[in-house]
Amino acid sequence: MSDILNPSFIDVSQWTRQDYVATGGTRSKNIVVDDDNQEWFIKGSKVLDDGTIRYPLEFWSEIVASKLGQYFGFNVLDYNIAYDANNESQPVQCISKSMIRSGHSTLSEGIQYLMGHLPNFDPASDEDQYSVDFIEGALKTFGLEEQFPKFIETLIFDALIGNSDRHSENWGFISDFEATINELNRELSDSKSRLRKLFFRIAKYSIELLPNHQEQLLKSKYSSRKRILRNHSMIAAPAYSPIYDSGCCLGRELLDERIQKLLKDEQMLTAHVKRGRSTVRWRNGKSPRHFDLLDKIVETYKEDSHDILDKLRKKNDPLVIREIINQVDSELPFDLRNFGLPELRKELMISLINKRLEILESYL
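Calculation notes
Residues numbered from 1 in each chain as written. Predicted model: local features only at pLDDT ≥ 70, side-chain atom pairs only at ≥ 80, totals over all residues. Heavy atoms only, no water. Helix = DSSP H or I, 4+ residues; strand = E, 2+ residues; numbered from the N terminus. Buried < 20%, exposed > 50% of the residue type's maximum accessible area, 1.4 Å probe, protein only. Contact = heavy atoms within 4.5 Å. Areas by Shrake-Rupley, 256 points an atom, 1.4 Å probe, with all protein chains shown as cover. Pairing = 2+ DSSP bridges. Axes fitted to C-alpha atoms, helices over the stretch in contact; angles between N-to-C directions. Phe/Tyr/Trp six-rings, centres within 6.5 Å; stacked < 30°, edge-to-face > 60°. Salt bridge = Lys/Arg side-chain N within 4 Å of Asp/Glu carboxyl O. Parallel < 35°, antiparallel > 145°, perpendicular 65-115°, else oblique. Nonpolar A, V, L, I, M, F, W, Y, C, P; charged D, E, K, R; others polar. Patch = residues over 30% accessible without salt bridge, like charges linked within 9 Å, V, L, I, M, F, W, Y side chains within 5 Å. Lys, Arg positive; Asp, Glu negative; His and termini not counted. Charge placed at Lys NZ, Arg CZ, Asp CG, Glu CD. pLDDT = per-residue confidence, 0-100. Left-handed = near helix turned anticlockwise from the far one by under 90°.

> What's the story with the overall build of the protein in this structure? I'm lost.
Within the protein, the regular secondary structure consists of 13 helices and nine strands. For the protein, the residues scored as buried account for 51% of the 364 residues in total. For the protein, the share of sequence-separated contacts (at least 6 apart) that also reach a separation of at least 24 residues comes to 68%. Carbon and sulfur atoms make up 48% of the accessible area of the protein, which amounts to about 18000 Å² in all.

Okay, structure coming up:
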């Protein structure tokens with residue numbers, strides 16, 4: 001098995017913490033900075049108002065989803081094991097390297113494009129509008145329709161792992177301004193025309209300003225928000241980000257008693273899998289079941305979805321899947337073994353993935 005599929009153990013106890021940096025999502029999340037000044041996101045489970053931890057093993061679901069996604073060929077953000085000796089309640093969490101570098105690239109979350117497309121859209125009150133066709137229309141507004149198949153791929157990945165929380169802040173696009181500036185520098189050095197050199201210098205200056213606009217996006221009015229995103233799209237073409245924040249999956253909410261029943265009863269397990277729902281709608285309405293949504297996706301985006309499903313079929317190897325899940329906590333030091341993923345939950349994850357793959361392959 002590839003080394004990248006075996007999660008690394010990273011001790012962040014001495015790293016610089018940036019607790020003041022606000023991050024989205026519902027789980028405990030902080031930014032830490034390593035000795036090379038690289039930012040990392042460290043995430044645990046949500047702490048409730050009474051101090052209890054909701055779904056204390058959810059971070060393992062994030063890591064397992066990451067490694068399985070990479071095995072099956074999805075562009076998934078790499079999550080590994082973090083240890084923070086300063087965190088008494090959750091010393092073991094998951095960690096991922098930041099997808100962007102401050103001042104060099106930016107991440108524009110889906111919500112920004114949706115609100116740029118429809119200024120009155122409110123993700124809290126307009127959940128029924130959060131649909132595949134609405135998202136496709138928003139991407140067309142910003143000239144990103146060619147990258148829409150990547151979003152379809154994300155939805156199929158969610159169907160594979162049973163992710164129930166692909167909200168509008170859990171996907172986005174990365175604009176790499178540094179790469180564009182490097183290209184302009186090459187054009188400057190190669191150009192013999194004074195006018196062309198002036199043009200490239202102006203373009204470079206404009207691009208250098210764009211990352212500073214990122215914090216204004218959600219705060220700005222509709223026209224300003226739309227203008228900034230269009231500038232991003234035209235000058236430093238955004239690329240669909242790696243799939244991230246997928247931890248609401250693989251039965252992370254189930255109690256041990258329920259898990260034991262599911263593992264003993266094939267029909268009950270199948271029913272549980274088929275009940276799983278997607279946050280993204282097909283058209284306006286209620287949250288659909290993953291496979292009801294997939295019915296529509298396969299019918300409407302046949303070529304794109306077929307290629308992804310065929311890739312899953314070709315890579316489906318129950319022995320590799322079992323090994324990835326069983327070895328997910330193998331790098332934990334002996335004195336931290338009590339924070340590992342229990343064998344019962346490993347068996348559940350294996351069963352859930354195999355059942356979901358069985359259903360997904362039936363679409364071919």
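> Can you walk me through the sheet that holds strand β2 (residues 16-18) in this structure?
Sheet strands pair via backbone hydrogen bonds, and the direction of the pair is either parallel or antiparallel. On the basis of which strands lie adjacent, the open sheet formed by six strands has the order β1-β5-β6-β4-β3-β2 and mixed pairing. The sheet is open, and its two edges are formed by β1 (9-11) and β2, each paired on a single side. Averaged over all adjacent pairs, the angle separating strand axes in this sheet is 40 degrees, with direction ignored. Inspection of the sheet shows strand β5 (residues 80-83) paired to strand β6 (residues 92-97) by four bridges, in the antiparallel sense. Bridging across to β6, Y83 finds its partner in V92.

> So what exactly am I meant to see when it comes to the packing of aromatic side chains here?
Within a pair of aromatic rings, the relevant descriptors are the distance that separates the centres and the angle that separates the planes. All told, the structure shown has 14 aromatic pairs when counted by the stated rule. Measuring from ring centre to ring centre gives 5.4 Å for Y113 and F142, while their planes differ by 75 degrees; the resulting arrangement is edge-to-face. Taken together, the residues Y113 in helix α2 (residues 110-117) and F142 in the loop between α3 (132-141) and α4 (148-161) connect sequence positions 29 residues apart. No difference in accessibility class separates Y113 from F142, as the two residues are buried. Ring pairs connect the aromatic residues Y113, F142, F148, F151, W171, F173, Y240, W282 and Y301, which therefore count as one cluster.

> Teacher, can you tell me more about the pattern of salt bridges here?
Pairing between side chains of opposite charge can happen when the charged atoms of each approach one another. Tallying each qualifying case throughout the model produces 17 salt bridges. With a shortest N-O distance of 2.4 Å, K43 and D245 are connected by a salt bridge. Pair noted here: K43 is in strand β4 (residues 39-43) and D245 is in the loop between β9 (239-240) and α8 (256-264), with a separation of 202 residues, a long-range link. For the pair K43 and D245, a shared accessibility class is recorded, and that class is buried. A salt bridge links D133 to R283; the nearest nitrogen and oxygen atoms lie 3.5 Å apart. Note that D133 is positioned in helix α3 and R283 in the loop between α9 (266-275) and α10 (290-300), a separation of 150 residues in sequence. Residues joined in a network through salt bridges with shared partners are K43, E62 and D245.

> What am I meant to see in the packing of α9 against helix α13 (residues 343-361) here?
Two quantities define a packed helix pair, namely the angle between the axes and the distance from one axis to the other. Two elements in contact, α9 and α13, have axes separated by 10 Å at closest approach and are oriented at 70 degrees. As judged from the angle between their axes, α9 and α13 are roughly perpendicular. Between α9 and α13, the residues in contact are E266, L269, T270, H272, V273 and K274 and S351, L352, K355, R356 and I359, respectively. Here the contact of α9 with α13 is built from residues that sort into four nonpolar, three polar and four charged.

> I would appreciate a short explanation of a positive patch on the surface in the present structure.
Where like charges cluster on the molecular surface, the positive patch consists of R275, R277, K286 and R289. Residue placement: R289 occurs in the loop between α9 and α10.

> How do you make sense of the sheet that holds strand β7 (residues 105-109) when you look at a structure like this?
Read across the sheet, three strands follow the order β7-β8-β9 without closing on themselves; strand pairing throughout is antiparallel. Taken across any chain shown, the strands that pair with only one partner, and hence form the sheet edges, are β7 and β9. Where strand β8 (residues 172-176) meets β9, two bridges bridge the pair, whose relative direction is antiparallel. Following the sheet pairing, I174 is matched in β9 by A239.

> In this structure, what is going on with the confidence of the model for the protein? I would like to understand it.
The predicted coordinates ought not to be read in detail in places where the model reports low pLDDT. Put simply, the protein has an average pLDDT of 86, and 80% of its residues get 70 or more. A low-confidence stretch, residues 20-26 (pLDDT under 50), is modelled with eight contacts involving residues beyond four sequence positions or located in other chains.

> Sorry if this is basic, but what is going on with α2 here?
Each turn of an α-helix holds 3.6 residues, which means side chains three or four residues apart point in the same direction. A large share of α2 lies buried, amounting to seven of its eight residues. Along α2, the residues classified as buried are G110, I111, Q112, Y113, L114, M115 and G116.

> It is not clear to me how the side chain of K355 should be interpreted in this structure. Could you clarify?
Relative to the helices and strands, K355 is located in helix α13. Residue classification places K355 among the buried residues on the basis of a relative accessible area of 7%. Aside from chain neighbours lying at most four places away, what touches K355 is E266, L269, T270 and V273.

> Explanation requested: the packing of α3 against α4 in the structure shown.
Where α3 meets α4, the axes come as close as 10 Å, and the angle between the chain directions of the two elements is 150 degrees. Overall, the two elements α3 and α4 adopt an arrangement that is roughly antiparallel. Both α3 and α4 take part in a crossing whose hand is right-handed. Residues V132, I135, E136 and L139 of α3 form the contact with α4, whose own contacting residues are F148, F151, I152 and L155. Of the residues belonging to the contact of α3 with α4, the class tally is seven nonpolar, no polar and one charged.

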